Amino acid sequence: MSTVRLVDVRDTALSLDEVFTAVRDPHAGGVALFVGTVRDHDGGQDVSALSYSAHPSAVERLRDVAERVAAEEDVVAVAAVHRVGDLQIGDLAVVVGVSAAHRAEAFAGARRLIDELKAEVPVWKHQTFETGDAVWVGAC
């Protein structure tokens, strides 16, 4: 079975169970999940609306990141999904999972996966604040 077990960018609700199931393995004694949710504030302002957009290459870039983490970290399996479209406060925006023989490797792999996803995958957040101001986050 492949080490990269789930990679997707989708406009439907994300599932913790789907990611957990994807990385579960009899060789893994530790599973680390990171869940990014939509919060009600940013930069000292109240958020009233949020939408994510992705470049058509986002899934391919996400796969590249997942494969690199899988190849360079001591892990059993990795998975990552990111949401696009209009989200509500509290919605799941991104879920990554990593399994490894031990917890330290699972935590390290999950940390690297989410950090590199945020730095390299072309997904952009558009936030509207209660004041009516709006900003793009992560857009070049």
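This paragraph deals with the nonpolar core. If you look at the biggest cluster of nonpolar residues, it comprises 30 residues, and the most contacted ones within it are Tyr52, Leu62, Val78, Val96, Leu113, Leu117 and Val121. For this core, the secondary structure elements donating two or more residues are strand E1 (4–10), strand E4 (45–54), helix H2 (58–72), strand E5 (77–83), strand E7 (92–100) and helix H3 (103–120). Tallying contributions element by element places H2 first for this core, with six residues. Setting aside residues up to four positions removed in sequence, Val96 forms contacts with Val19, Ala32, Leu33, Phe34, Ala79, Ala80, Ala110, Leu113, Ile114 and Leu117.

On the surface, a nonpolar cluster with roughly 210 Å² of combined accessible area is contributed by Leu16, Val31 and Leu33. Tracing the backbone through its elements, the reader meets Leu16 in helix H1 (residues 16–23).

Here we take up the sheet that holds E7. Spatially, E1-E5-E7-E2 is the arrangement adopted by the four strands of the open sheet, whose pairing is mixed. Looking at the sheet topology across the chains shown, the edges are occupied by E1 and strand E2 (30–37). Pairs of neighbouring strands in the sheet enclose a mean axial angle of 5°, with direction left out of account. As paired elements, E2 and E7 share eight bridges and run antiparallel to each other. Directly across from Val31, in E7, lies its bridge partner Ser99. Along the sheet, H1 makes contact with E1, E2, E5 and E7, crossing E7 at roughly 20°. Seen against the sheet, H3 touches E2, E5 and E7 and runs at an angle of roughly 145° to E7.

Take the pattern of salt bridges next. All chains considered together, the criterion is met by 11 salt bridges. Arg112 is the partner of Glu73 in a salt bridge, and the nearest nitrogen-oxygen pair spans 3.0 Å. You can see Glu73 sitting in the loop between H2 and E5 and its partner Arg112 sitting in helix H3, a full 39 residues away along the chain. The exposure class assigned to Arg112 is buried, which follows from its relative accessible area of 17%. Residues participating in the shared-partner salt-bridge network are Arg68, Glu72, Glu73, Arg112, Glu116 and Glu120.

The subject of this paragraph is the environment of Arg83. Among the structural elements, Arg83 can be located in strand E5. A relative accessible area of 12% places Arg83 in the buried class. Remark: the alpha-carbon pair of Arg83 and Leu14, spanning 69 residues in sequence, is separated by 6.9 Å. If we skip the residues at most four places from it in the chain, Arg83 touches Arg10, Asp11, Thr12, Ala13, Leu14, Tyr52, Asp91, Leu92 and Ala93. From its side chain, Arg83 meets the backbone oxygen of Thr12 in a polar contact 3.4 Å long.

Quick notes on the rules
- Residues numbered from 1 in each chain as written.
- Predicted model: local features only at pLDDT ≥ 70, side-chain atom pairs only at ≥ 80, totals over all residues.
- Heavy atoms only, no water.
- Core = buried A, V, L, I, M, F, W, Y, C linked by side-chain atoms within 4.5 Å.
- Buried < 20%, exposed > 50% of the residue type's maximum accessible area, 1.4 Å probe, protein only.
- Helix = DSSP H or I, 4+ residues; strand = E, 2+ residues; numbered from the N terminus.
- Contact = heavy atoms within 4.5 Å.
- Patch = residues over 30% accessible without salt bridge, like charges linked within 9 Å, V, L, I, M, F, W, Y side chains within 5 Å.
- Areas by Shrake-Rupley, 256 points an atom, 1.4 Å probe, with all protein chains shown as cover.
- Salt bridge = Lys/Arg side-chain N within 4 Å of Asp/Glu carboxyl O.
- Pairing = 2+ DSSP bridges.
- Axes fitted to C-alpha atoms, helices over the stretch in contact; angles between N-to-C directions.
- Polar contact = N/O pair within 3.5 Å; in protein donor to acceptor, adjacent residues only side chain to side chain.

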